[in-house]
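Listed below are the residues making up each chain.
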2 protein chains.
Amino acid sequence: MAKQKYSGILLLRRKGLTAPMEDYLKAIYSLQQKGMNATTLALAKEMKVSPPSATSMMKKLADWKLVRHTLYLGVRLTPLGEKIALEVIRHHRLLELYLSHSLGYSWDEVHQEAEKLEHFISEDFESRMSQALGNPKRDPHGAPIPTKKGTWEEIPSFSLASASPKNCLIMQEVEDEDPELLRYLSQLGLYPGVEISVLEKHPFEGPLYLRIGKSHHYLGHKVADRIRVILKKKRRKEVKEK
Amino acid sequence: MAKQKYSGILLLRRKGLTAPMEDYLKAIYSLQQKGMNATTLALAKEMKVSPPSATSMMKKLADWKLVRHTLYLGVRLTPLGEKIALEVIRHHRLLELYLSHSLGYSWDEVHQEAEKLEHFISEDFESRMSQALGNPKRDPHGAPIPTKKGTWEEIPSFSLASASPKNCLIMQEVEDEDPELLRYLSQLGLYPGVEISVLEKHPFEGPLYLRIGKSHHYLGHKVADRIRVILKKKRRKEVKEK
DNA sequence: CAGGAGGAATAGATTTATCTAAAATAAAAT
DNA sequence: ATTTTATTTTAGATAAATCTATTCCTCCTG
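Here's a quick rundown of the structure.

How each quantity is defined
- Residues numbered from 1 in each chain as written.
- Chains lettered and ligands numbered in written order.
- Predicted model: local features only at pLDDT ≥ 70, side-chain atom pairs only at ≥ 80, totals over all residues.
- Pairing = 2+ DSSP bridges.
- Helix = DSSP H or I, 4+ residues; strand = E, 2+ residues; numbered from the N terminus.
- Axes fitted to C-alpha atoms, helices over the stretch in contact; angles between N-to-C directions.
- Parallel < 35°, antiparallel > 145°, perpendicular 65-115°, else oblique.
- Left-handed = near helix turned anticlockwise from the far one by under 90°.
- Contact = placed C-beta atoms within 7 Å.
- Nonpolar A, V, L, I, M, F, W, Y, C, P; charged D, E, K, R; others polar.
- Least-squares fit on C-alpha atoms with pLDDT ≥ 70 in both.
- Buried ≥ 20, exposed ≤ 12 C-beta atoms within 10 Å, placed from the backbone.
- Near = placed C-beta within 6 Å.

### Some points on the sheet that holds strand 4 (residues 168–174) of chain B
Part 1 of the reasoning: Strand order in the open sheet formed by six strands is 3-8-4-5-6-7 (chain B), and the pairing between neighbours is antiparallel. Two strands lie at the open edges of the sheet, namely strand 3 (158–159) and strand 7 (215–219) of chain B, each paired on one side alone.

Structure below.
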């Protein structure tokens, strides 16, 4: 009985899975998550390439059985394609957390570095990072880190811009791709896990006046819209989270 | 007065310096270190490619002014080429040490991982590693880690196979590329820094009987030849090294 | 239901790094 | 000095990922 030595991304990399292919899979996954169709044009825009480039990559990924193509609806990940996408995302988010924890990177710097390295680290590197970090569930921006099996805890969050005043909120997540935004947020002390209350909400998409931890700040609607929050649970017991 | 924002490897990478180019530069550097000419054939063998591949890369590197080409003598690194080679080597060796210190890799596993990552880490990553490790001077195999400026301490070592009995030796260095050899050496407790004495030396390239630390082992001549050692200095003071 | 707008695919070119097969050239040897 | 040997280079192909320009085709609209 021959033992299956390689599977998932490792196997496919041995068969010639390339960094660009991995990047396209991530982009397709991201579009699907947003409920959009991964059409040629949408994918080309996401990847910042020309439509013909996207077309040919879609065809290639279809040959590899990583996506299925429907005319004018674009491409959808197969289970295998989704598995690979999630493995790359796991690499990315583990790297982000690792860089910030172990090498003192700030949260606005980690995305760029992780974006390159995610394609070149081994599965061994991945699991060593995960172990060193205590099998973490969230990256520095609050995004979930899929497990090895491709599962994660879904936390139903909503936009800070849509929050109603008086509720006590916990910041949950923000996108990792805009370093300027992240630097701005860290000036305000706005990190995942921080307590927020909306004190005033100005009309016509006006600014919000917030309590952030123990200080108070105004925040524009556009920024608030990019921040995901959850309601603070009524505590049943004083649970300390580190 | 415009500030020079990029230099060395960073500048060249922005201009399109590729991972294969970096690998060739390392190979040329390595051949030069061994006192060999980096001819087409030698380089092709070192890089495990066909001679025409080596030719075309030599031409390309010459276009980039990273090497100078002399007919039938092969190629020599220019100062710029050497600078790049040393930066890549610095990346490699820092990565090796970092992986073994911070992620618990054993010394036979680090080379492979570093070989890929060396081309993709940023200068920031490099300096953070160096700082986290206390600006180390040697990698896990005892090879010198060049400084940012491309200098390092030259330690005149010699082969264990050529050592005369009775002297007390310190293991200095071993190549990093053969995992099997490294695993064998670690079974014997043979690491850089470990004390060795040659107790018996059998003729005709026969085995050596060694004291390694506090235990005794036989070691074949071929293996001994790959191990670099230095004479243990007469201690002036009891200095503890960690 | 017949065009036209716009999205999608094709055609052909470019760049990088590799290959094999063949030709050219330098060094060595008789 | 001529031949042989060995190294080096050229020529032509391939594969990946991209591009521009062009053509094709689907869907919607009038």
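### Quick notes on the packing of helix 5 (residues 79–102) of chain B against helix 7 (residues 123–132) of chain B
All names here are of chain B.
Part 1 of the reasoning: Orientation of helix 5 relative to helix 7, taken along the N-to-C sense of each, is 45 degrees, at an axis distance of 10 Å. The angle between helix 5 and helix 7 places the two elements in the oblique class. Here helix 5 and helix 7 pass one another in a crossing that is left-handed. Between helix 5 and helix 7, the contacting residues are Arg-90, His-91, Leu-94 and Tyr-98 on the first element and Glu-126, Met-129 and Ser-130 on the second.
Part 2 of the reasoning: Looking at the contact of helix 5 with helix 7, its residues break down into three nonpolar, two polar and two charged.

### Describing the sheet that holds strand 7 (residues 215–219) of chain A
Where strands meet in a sheet, backbone hydrogen bonds hold them as pairs that are either parallel or antiparallel.
Part 1 of the reasoning: If you trace the six strands from one edge of the open sheet to the other, you get 3-8-4-5-6-7 (chain A), paired in antiparallel fashion. The outermost strands of the open sheet, each flanked by one partner alone, are strand 3 (158–159) and strand 7 of chain A.

### Thoughts on the interface of chain B and chain A
Buried accessible area, meaning the area lost when the parts come together, often serves as the stated size of an interface.
Part 1 of the reasoning: Taken together, the contacts link eleven residues of chain B with eleven residues of chain A.
Part 2 of the reasoning: If you list the elements that add at least two residues to the side of chain B that touches chain A, you get helix 6 (110–117) and helix 7 of chain B.
Part 3 of the reasoning: Looking at the side of chain B that touches chain A residue by residue, the class counts come to five nonpolar, three polar and three charged.

### What to know about the relation of the copies chain B and chain A
Part 1 of the reasoning: Turning chain B through 180 degrees and shifting it by 0.0 Å along the axis lays it on chain A, with an RMSD of 0.0 Å. Expressed as an axis order, the relation between the two copies is that of a two-fold axis. Ranked by how close their C-alpha atoms come to the rotation axis, the residues of chain B are headed by B:Leu117, at 3.6 Å.
Part 2 of the reasoning: Interface overlap between copies: 100% of the residues of chain B at the interface are likewise at the interface in chain A, consistent with a symmetric, same-surface contact.

### Points about unusual backbone geometry
Part 1 of the reasoning: In this structure, A:Lys48 is a non-glycine residue whose phi angle is positive, near 55 degrees.
Part 2 of the reasoning: In this structure, A:Lys48 sits in the loop between helix 3 (40–47) and helix 4 (51–63).
Part 3 of the reasoning: At B:Tyr72, a position not held by glycine, the phi torsion is positive, near 65 degrees.
Part 4 of the reasoning: Note on placement: B:Tyr72 falls in the loop between strand 1 (67–70) and strand 2 (74–77).
Part 5 of the reasoning: Accessibility expressed as a C-beta count within 10 Å gives 7 for B:Tyr72, which makes it exposed.

### What to know about the protein's contact with DNA strand C
Part 1 of the reasoning: Taken together, the neighbourhood of DNA strand C is formed by 22 residues, with A:Thr39, A:Leu41, A:Pro52, B:Thr18 and B:Ser53 sitting nearest.
Part 2 of the reasoning: Of all the elements in the fold, those that place two or more residues in the surface near DNA strand C are helix 3 and helix 4 of chain A together with helix 2 (19–33) and helix 4 (51–63) of chain B.
Part 3 of the reasoning: With five residues, helix 4 of chain B is the largest single contributor of residues to the surface near DNA strand C.
Part 4 of the reasoning: Taken together, the residues of the surface near DNA strand C sort by class into twelve nonpolar, nine polar and one charged.

### A short note on the protein's contact with DNA strand D
Part 1 of the reasoning: In the region of DNA strand D, 23 residues are neighbours, and A:Thr18, A:Ser53, B:Thr39, B:Leu41 and B:Pro52 sit closest.
Part 2 of the reasoning: At the level of secondary structure, the elements contributing two or more residues to the surface near DNA strand D comprise helix 2 (19–33) and helix 4 of chain A together with helix 3 (40–47) and helix 4 of chain B.
Part 3 of the reasoning: The biggest single contributor to the surface near DNA strand D is helix 4 of chain A, with five residues.
Part 4 of the reasoning: Among the residues forming the surface near DNA strand D, the class breakdown is 13 nonpolar, nine polar and one charged.

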